[in-house]
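Inside the fold
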Amino acid sequence: MKDRLVLLEPVIGTDGMGGENPVFREMRTVAAERVTMTGRRVDEAGEHFADYRADFNIRDAHPVRENWHVRVPGGYEYIVACVIPHRDRGMLTLKCERLNT
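Residues numbered from 1 in each chain as written. Predicted model: local features only at pLDDT ≥ 70, side-chain atom pairs only at ≥ 80, totals over all residues. Heavy atoms only, no water.

Here we look at the nonpolar core
In this structure, Leu5, Ile58, Val64, Val70, Val80, Leu94 and Cys96 are the most contacted members of the largest nonpolar core, which totals 16 residues. Mapped onto this core, the elements with two or more residues apiece are strand 1 (3-14), strand 2 (20-44), strand 3 (47-59), strand 5 (77-86) and strand 6 (91-98). Those residues within four positions of Val64 in sequence are excluded, and the remaining contacts are Leu7, Ile58, Val80, Val83, Leu92 and Leu94. (Core = buried A, V, L, I, M, F, W, Y, C linked by side-chain atoms within 4.5 Å. Buried < 20%, exposed > 50% of the residue type's maximum accessible area, 1.4 Å probe, protein only. Helix = DSSP H or I, 4+ residues; strand = E, 2+ residues; numbered from the N terminus. Contact = heavy atoms within 4.5 Å.)

Laid out in structure tokens, this is it:
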């Protein structure tokens with residue numbers, strides 16, 4: 001595994017009006033392997049957006065759940081849409097969508 005990912009866990013905070021606002025806390029940096037990377041153009045409400053998706057494999061010893069964020073150091077941040085376990089290989093596949101900021 002030649003890539004690195006920073007796992008970001010959501011922590012519920014509050015905004016100035018008292019509403020819930022998730023803040024993402026850095027948990028750890030893990031070794032990862034990018035399996036796929038896809039991109040396409042999406043038209044929503046008459047506007048064009050880039051839609052990027054990536055799949056990463058990490059060891060199953062690392063705690064990660066859906067709706068966590070992962071960051072590629074020096075790169076983009078993704079939201080974890082699905083976590084698929086591969087028990088026989090001791091791996092997790094993270095199906096991720098890039099955050100458009």
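Description of the environment of Ala54
Locating Ala54 in the fold gives a position in strand 3. Expressed as a C-alpha distance, the spacing of Ala54 and Lys95, which sit 41 residues apart in the sequence, is 6.3 Å. Residue contacts for Ala54: discarding those within four places in its chain leaves Thr36, Met37, Tyr78, Leu94, Lys95 and Cys96.

A word on the sheet that holds strand 2
The 6 strands lie next to each other as 1-2-3-6-5-4, forming a closed barrel whose pairing is antiparallel. With strand direction ignored, the average angle separating the axes of adjacent strands in the sheet is 45°. In this sheet, strand 4 (residues 69-71) lies alongside strand 1 in antiparallel orientation, the contact comprising 3 bridges. Looking across to strand 4, one finds that Leu8 is bridged to His69. (Pairing = 2+ DSSP bridges. Axes fitted to C-alpha atoms, helices over the stretch in contact; angles between N-to-C directions.)

A look at the pairing of strand 3
Of the pairings in the sheet, the one linking strand 2 to strand 3 comprises 11 bridges and is antiparallel in character. Looking at the pairing, Thr38 lines up with Arg53 of strand 3. Relative to strand 6, strand 3 runs antiparallel, the two being bridged by 7 bridges. Across the sheet, the residue bridging to Asn57 is Thr93, located in strand 6.

Some remarks on the pairing of strand 5
Across 3 bridges, the pairing between strand 4 and strand 5 is antiparallel. Looking at strand 5, one finds that His69 is bridged to Ile79. Linkage of strand 4 to strand 5, two consecutive antiparallel strands, is achieved through a turn of 5 residues, within which Gly74 is found at a positive phi near 75°. Here strand 5 pairs with strand 6 via 8 bridges, running antiparallel. Its bridge partner lying in strand 6, Ile79 is registered against Glu97.

Quick notes on the pattern of salt bridges
One pass over the structure, following the stated rule, counts 8 salt bridges. Linking Asp51 and Arg40 is a salt bridge whose minimum nitrogen-to-oxygen distance equals 3.3 Å. With Asp51 in strand 3 and Arg40 in strand 2, this pair connects stretches of sequence that are 11 residues apart. Taken together, the salt bridges that share partners define one network made up of Arg40, Asp51, Arg53 and Glu97. (Salt bridge = Lys/Arg side-chain N within 4 Å of Asp/Glu carboxyl O.)

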